[in-house]
Amino acid sequence: MPALTSYTHALTPTQATKLRTLLEERGFEFQTKPYCLYAAAKPKVNVCVYEKGPKIVVQGKDTEDFITNLLEPEVLGEAKIGYEEVHNPEMFQPHIGVDESGKGDLFGPLVIAGVYVDGDVARRLRDVGAVDSKRISSDARIFKIAADIRAIPGLAWEVIAIHPGRYNELYTKFGNLNRLLAWGHARIIENLLERVPGCKRAISDQFANPAVLQRAMQTRGREIELVQRTKAESDPAVAAASILAREGFVGWLRSQGQKFGMEFPKGVSEGVKQTAIKLVEQHGSDVLPTLCKMHFRTSSEVLSRIVSDHPK
């Protein structure tokens, strides 16, 4: 199993205070950082305790050592690292995990992925480093772990990439993103259930009233338990799905960037807007719906700016 180099956990105010004292006693060097109650570091480990929560974020090569030898025994009062099956046995029972990528990005598709796991697969996912894709900043790392995921024996997976042209049609049809997401999640679950018909449970992140997803299910999907919860990416199946979805999204951006000779950035920043403006200036406004999600306010702003900069 790859060494743990990043870790997040909620703290109580009392635990946060106690941890600070322990860090001072152990010679950690304290720093001031935005939104943090305090931050402290040693050569191979960095600790930030954020005001919101509060919560602790630990990073560095000695993350696991810090957790097992200080945080868990002296602050949290329980051992979790290495005991996932004891604390969360449902993660190792047969189930489907679903997640998506691209829903908050102007450029690119909405990619929805699903992964079926049992106990053996869940353990192998942990071994290849399958965690929430938002915790993996390197695109190269996403591609590597995605390949490792698909190579796991007994794992079943499905990916649906809704490219911008089709996405814009579906958004108009459904009227909002939650219904579109539910439709996509339902298709993934239905497709996987054809391959693993005995599966009884599916889990995804909370994105709408659970009834919205339930209504989108067809015959097979209506027979299983649907679980929607916040931070579902802590589940190994959902984490693996998040990586496969991210791979599909990033891969599309790369291929289209090569086709158009420019980099398509993620998100909805000013840089994204400037790229969209440049794209329209070079290829005309008709290109925008083939590459962008047109219900985003940024799309309207781009078209408005083009009109104002180039009046008839």
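Residues numbered from 1 in each chain as written. Predicted model: local features only at pLDDT ≥ 70, side-chain atom pairs only at ≥ 80, totals over all residues. Heavy atoms only, no water.

What follows is about the overall build of the chain. The secondary structure content of the chain amounts to 12 helices and 10 strands. The principal-axis extent of the C-alpha atoms belonging to the chain is close to 70 × 50 × 35 Å. Across the 312 residues in the chain, those meeting the buried criterion constitute 47%. Pairs at least 24 residues apart make up 65% of the contacts formed inside the chain by residues separated by at least 6 positions. Taken as a whole, the chain presents about 15,600 Å² of accessible surface, with 50% of it coming from carbon and sulfur. Of the charged side chains in the chain, 41 are positive and 38 negative, and the gap between their average positions amounts to 3 Å. (Helix = DSSP H or I, 4+ residues; strand = E, 2+ residues; numbered from the N terminus. Buried < 20%, exposed > 50% of the residue type's maximum accessible area, 1.4 Å probe, protein only. Contact = heavy atoms within 4.5 Å. Areas by Shrake-Rupley, 256 points an atom, 1.4 Å probe, with all protein chains shown as cover. Lys, Arg positive; Asp, Glu negative; His and termini not counted. Charge placed at Lys NZ, Arg CZ, Asp CG, Glu CD.)

This paragraph deals with the pattern of salt bridges. Tallying each qualifying case throughout the model produces 15 salt bridges. A salt bridge links glutamate 233 to lysine 134; its shortest N-O distance comes to 3.3 Å. Placement of the pair is glutamate 233 in the loop between β10 (225-229) and α9 (236-260) and lysine 134 in the loop between α4 (119-127) and α5 (139-150), with a sequence separation of 99 residues. The partner of glutamate 301 in a salt bridge is arginine 297, with the nearest N and O atoms 3.4 Å apart. Here arginine 297 and glutamate 301 lie together in helix α12 (residues 297-309), a separation of 4 residues that amounts to about one turn. (Salt bridge = Lys/Arg side-chain N within 4 Å of Asp/Glu carboxyl O.)

Attention now moves to the packing of helix α6 (residues 164-174) against helix α7 (residues 177-195). For any two helices packed against each other, one specifies the inter-axial angle together with the distance between the axes. Between α6 and α7, the shortest axis-to-axis distance is 8 Å and the interhelical angle comes to 115°. Put simply, α6 runs roughly perpendicular to α7. Where α6 crosses over α7, the handedness of that crossing is right-handed. For the pair α6 and α7, the contacting residues are Tyr167, Leu170, Tyr171 and Phe174 in the first and Leu177, Arg179, Leu180 and Trp183 in the second. (Axes fitted to C-alpha atoms, helices over the stretch in contact; angles between N-to-C directions. Parallel < 35°, antiparallel > 145°, perpendicular 65-115°, else oblique. Left-handed = near helix turned anticlockwise from the far one by under 90°.)

Looking now at the sheet that holds strand β4 (residues 45-50). Reading across from one edge, β1-β5-β4-β3-β2 is the order of the 5 strands in this open sheet, with antiparallel pairing throughout. The open sheet has two edge strands, β1 (6-10) and β2 (29-31), and neither has a second partner. Ignoring which end each strand starts from, the neighbouring axes of this sheet average 20° apart. Here strand β3 (residues 36-42) runs beside β4; their pairing, made up of 6 bridges, is antiparallel. Among the inter-strand pairings, alanine 39 is bridged to a residue of β4, identified as cysteine 48. Contacts from helix α1 (residues 13-25) reach β1, β2, β3, β4 and β5 (55-59) within the one sheet, and its direction differs from that of β3 by about 30°. The sheet contacts of helix α2 (residues 63-76) involve β1, β4 and β5, and relative to β1 the element is tilted by about 15°. (Pairing = 2+ DSSP bridges.)

Our focus in this paragraph is α5. Two residues of an α-helix separated by three or four positions point the same way, owing to the 3.6 residues in each turn. Over its 12 residues, α5 extends 17 Å from the first C-alpha to the last, a length consistent with the 16 Å expected when each residue adds 1.5 Å. Those residues of α5 not exposed but buried are Ile142, Ile145, Ala146 and Ile149. Relative to the axis of α5, the buried residues are bounded by an arc of 105° and lie together on one face. Elements that come into contact with the buried residues of α5 comprise α4 and α9. The backbone nitrogen of alanine 140 lies 3.3 Å from a side-chain oxygen of the residue at the head of α5, namely serine 138. (Expected span 1.5 Å × (residues − 1). Arc of directions from axis to C-beta. Polar contact = N/O pair within 3.5 Å; in protein donor to acceptor, adjacent residues only side chain to side chain.)

The side chains of a regular strand alternate between the sheet's two faces. What you see with β1 is a clean split: Tyr7 and His9 sit on the buried side and Ser6, Thr8 and Ala10 on the side with no burial. In terms of strand pairing, β1 meets β5 through 5 bridges, oriented antiparallel. For histidine 9, the partnering residue across the bridge sits in β5 and is isoleucine 56.

Once that is clear, we can look at the sheet that holds β10. Spatially, β8-β7-β6-β9-β10 is the arrangement adopted by the 5 strands of the open sheet, whose pairing is mixed. Only two strands of the sheet have a single partner each, and these edge strands are β8 (156-162) and β10. With strand direction ignored, the average angle separating the axes of adjacent strands in the sheet is 20°. Of the pairings in the sheet, the one linking strand β9 (residues 201-205) to β10 comprises 5 bridges and is parallel in character. Bridge pairing in β10 places alanine 202 opposite leucine 226.

Core analysis: the largest hydrophobic core is formed by 42 residues, its most contacted members being Phe107, Leu125, Ile149, Ile243, Phe264, Leu279 and Leu291. Secondary structure elements with two or more residues in this core: β7 (110-117), α4, α5, α9, α10 (270-283), α11 (288-291) and α12. The biggest single contributor to this core is α9, with 11 residues. Counting residues in each nonpolar core, the second largest holds 29 residues, with Ala156, Leu180, Cys199 and Met217 among its members. (Core = buried A, V, L, I, M, F, W, Y, C linked by side-chain atoms within 4.5 Å.)

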